[in-house]
Amino acid sequence: MAVSWRSWLANEGSKHLFLFFWLSLNVWFFWKTFLLYCRGLQYYYLHQMLGLGLCVSRASASVLNLNCCLVLLPMCRILLAFLRGSQKVASRKTRRLIDKSKTFHVTCGVTICIFSVLHVAAHLVNALNFSENYNEDYLAINAANYRGEDPRKLLFATVPGLTGVIMVLVLFLMCTASTYAIRVSNYDIFWYTHNLFFVFYILLMLHVSGGVLKYQTNLEEHPPGCFNPNKTLLGNMTVLKSFEELFPDYTTEPFPEDLTFPEPLVQSNFMRICSKEPKFQSHFPETWFWISGPLCLYCVERLYRYIRSNKPVTITSVISHPSNVLEVRMIKDDFRARPGQYVILHCPRVSGLESHPFTLTMCPTDTKATFGVHLKVVGDWTERFRDLLLLQSNQDAEILPIFQQRRYPKLYVDGPFGSPFEESLNYEVSLCVAGGIGVTPFASVLNALLDDWKCYKLRRLYFIWVCRDVESFRWFADLICMLHNKLWQENRPDYINIQLYLSQTDGIQKIIGEKYQALNSRLLIGRPRWKLLFDEIAKYNRRKTIGVFCCGPSKMSKILHKLSNSSNPYGTRFEYNKESFS
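Going by the annotation in an unreviewed UniProt entry, the name recorded for the chain is NADPH oxidase 4, with Phasianus colchicus given as the source organism.

Structure representation (structure tokens):
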């Protein structure tokens with residue numbers, strides 16, 4: 001399967017260009033800081049004491065500052081949703097790059113973990129060198145109190161050391177709990193440990209306030225490595241013969257400031273003369289400049305989101321669908337959303353802190369204020385949520401509206417937030433592929449087309465839905481049938497191409513109900529033959545750009561991604577998009 005460079009650049013070009021810029025920025029900061037502490041005159045005495053550990057610790061710290069700044073930006077959901085929906089970001093490539101925000105967040109997080117290990121290792125060496133290479137000439141530069149002091153005291157008895165140890169523990173918990181295995185098996189652990197980021201940033205600001213590493217401030221009065229004749233000669237140090245000849249009556253009295261020296265001696269590479277002792281000063285913490293802006297932006301956004309979602313929604317109805325799927329329909333004042341967006345649900349009776357994202361399957365319009373979500377009951381949170389909403393959770397029955405039946409628990413909705421599927425209506429031709437419950441992003445798109453398909457740029461939609469059991473198709477069977485019938489009535493049957501695949505079955509099955517006859521004729525047994533499907537779509541849409549949208553298993557996504565980058569003889573370009581909650 002040959003790769004089309006045109007398609008590859010469309011799908012991967014901007015992403016790789018951005019990553020290359022980010023990587024170059026990291027390398028530049030690391031190398032620039034490394035050379036500064038290795039060759040900088042102001043760090044001459046500190047480098048003599050600590051050696052390579054100083055350079056590596058500071059260089060890794062500069063990379064950590066950069067990524068601790070950047071890692072928060074992809075989590076500013078409102079900012080990203082504004083940019084994605086704003087006319088200021090008119091380029092589709094830029095909007096698709098914004099959709100990679102979660103990937104960039106993970107990349108920055110992994111970088112923080114890697115360079116934290118390097119930073120810690122370098123500082124362990126520094127702690128040992130502070131103890132062994134205690135400078136008795138310039139006491140102000142020392143972090144240890146005396147030569148041979150236990151390095152563990154520097155780690156556990158100082159503010160930078162203690163905060164560093166705690167940050168390592170917090171980062172370890174956040175890193176391990178973010179692995180795929182833990183997120184899938186126990187999402188609660190991931191949720192609670194990831195919110196320790198606030199503790200991490202507080203410790204980070206305290207960590208840099210210790211002032212352990214110091215630089216020299218009076219380089220003109222005391223060039224690094226110079227000889228100061230005003231200093232009392234210690235121990236068995238002997239005065240150079242040249243100085244004895246010049247100053248036979250030399251004592252420990254202050255050296256005459258107005259006395260001139262022979263020019264060759266002053267400029268000699270062998271010795272430089274200075275009249276003052278070096279002065280050292282702690283660095284002003286630079287980390288504040290890096291993280292204060294993004295941290296304030298994130299906190300302001302979280303405050304705005306809290307205020308915006310502080311009023312609970314009104315649940316109008318709850319429907320229990322086959323295969324453990326629950327539909328919740330709600331109303332909220334001044335709620336606006338675009339097809340393809342998602343919201344975050346928070347139910348205090350289920351969990352005081354935990355909340356989860358769900359794609360909108362129904363968006364409010366000018367004629368109706370109702371919006372809704374479909375959620376698969378898997379895991380503790382969804383199970384408790386279902387039990388609170390349904391009177392009898394084992395019955396597949398529709399619950400009557402609130403004013404007729406019961407009071408529902410308080411439910412808070414945060415959002416909406418942007419997703420790649422907003423773009424599905426902005427292509428002339430779109431291919432939407434869903435696996436199981438992954439159909440939810442496309443439900444809001446189908447609902448929007450049902451209301452009015454003529455106002456969108458989309459003129460042809462290929463809709464592929466793969467499920468394991470035939471009952472799952474009933475989640476949106478009514479919606480698909482209504483859209484199909486409407487398009488037939490308006491003489492546009494070619495507007496949507498529907499293909500339903502039943503991947504696991506013991507024989508021929510049908511969606512029960514006479515009204516689903518249109519879907520039964522499009523129900524196929526087995527899995528799609530993706531290569532033939534792409535070739536057929538490319539053939540009938542020559543030299544067009546087709547948006548490919550996928551929400552389903554990872555294996556399916558990888559196949560579609562690979563096919564989108566492959567070449568075809570028809571000049572058709574496929575642009576790949578994948579759902580990824582941020």
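S.K.: Give me the lowdown on the packing of helix H11 (residues 197-207) against helix H14 (residues 287-308), citing residues and values where you can.
M.R.: Contact geometry of H11 with H14 gives a least axis separation of 11 Å together with a crossing angle of 150°. Classified by the angle between their axes, H11 and H14 sit roughly antiparallel to one another. Between H11 and H14 the crossing geometry is left-handed. Packed against H11, whose contacting residues are Phe-197, Phe-198, Tyr-201, Leu-204 and Met-205, the element H14 presents Thr-287, Trp-288, Ile-291, Leu-295, Tyr-298 and Cys-299 at the interface. Residues that form the contact of H11 with H14 fall into these classes: ten nonpolar, one polar and no charged.

S.K.: I'd like a rundown of the packing of aromatic side chains, residues and numbers included.
M.R.: Applying the stated rule across the entire model yields 29 aromatic pairs. Within the aromatic cluster, the residues linked to one another by ring pairs are Phe-421, Tyr-427, Phe-442, Phe-463, Trp-465, Phe-473, Trp-475, Phe-476 and Phe-549. Above the plane of the ring of Phe-417 lies Arg-77, whose end atom (NZ or CZ) is 5.9 Å from the centre.

S.K.: Before we move on, can you summarise helix H3 (residues 52-70) with the specific residues and values?
M.R.: For H3, which comprises 19 residues, the first-to-last C-alpha distance of 28 Å matches the rise-based estimate of 27 Å (1.5 Å per residue) to within 8%. The element H3 is largely enclosed, with a buried count of 17 among its 19 residues.

S.K.: Explain the layout of surface pockets to me, using residue names and the numbers behind them.
M.R.: The volume enclosed by the second largest pocket comes to roughly 1200 Å³. Considering the residues around the second largest pocket, the lining is formed by 47 residues, among which Arg-58, Ala-61, His-119, His-123 and His-207 are closest to the centre. If you list the elements that add at least two residues to the lining of the second largest pocket, you get helix H1 (5-39), H3, helix H6 (101-132), helix H7 (151-156), helix H8 (159-177), H11 and H14.

Thresholds, definitions, all that
Residues numbered from 1 in each chain as written. Predicted model: local features only at pLDDT ≥ 70, side-chain atom pairs only at ≥ 80, totals over all residues. Heavy atoms only, no water. Axes fitted to C-alpha atoms, helices over the stretch in contact; angles between N-to-C directions. Helix = DSSP H or I, 4+ residues; strand = E, 2+ residues; numbered from the N terminus. Parallel < 35°, antiparallel > 145°, perpendicular 65-115°, else oblique. Left-handed = near helix turned anticlockwise from the far one by under 90°. Contact = heavy atoms within 4.5 Å. Nonpolar A, V, L, I, M, F, W, Y, C, P; charged D, E, K, R; others polar. Phe/Tyr/Trp six-rings, centres within 6.5 Å; stacked < 30°, edge-to-face > 60°. Lys NZ or Arg CZ within 6 Å of the ring centre and 35° of its normal. Expected span 1.5 Å × (residues − 1). Buried < 20%, exposed > 50% of the residue type's maximum accessible area, 1.4 Å probe, protein only. 1 Å grid on protein atoms, 1.4 Å probe; cavity = no way out; pocket = protein on both sides within 12 Å on 5 of 7 lines; lining within 4 Å. Points joined across faces, edges and corners; volume = space filled by probe spheres on them.

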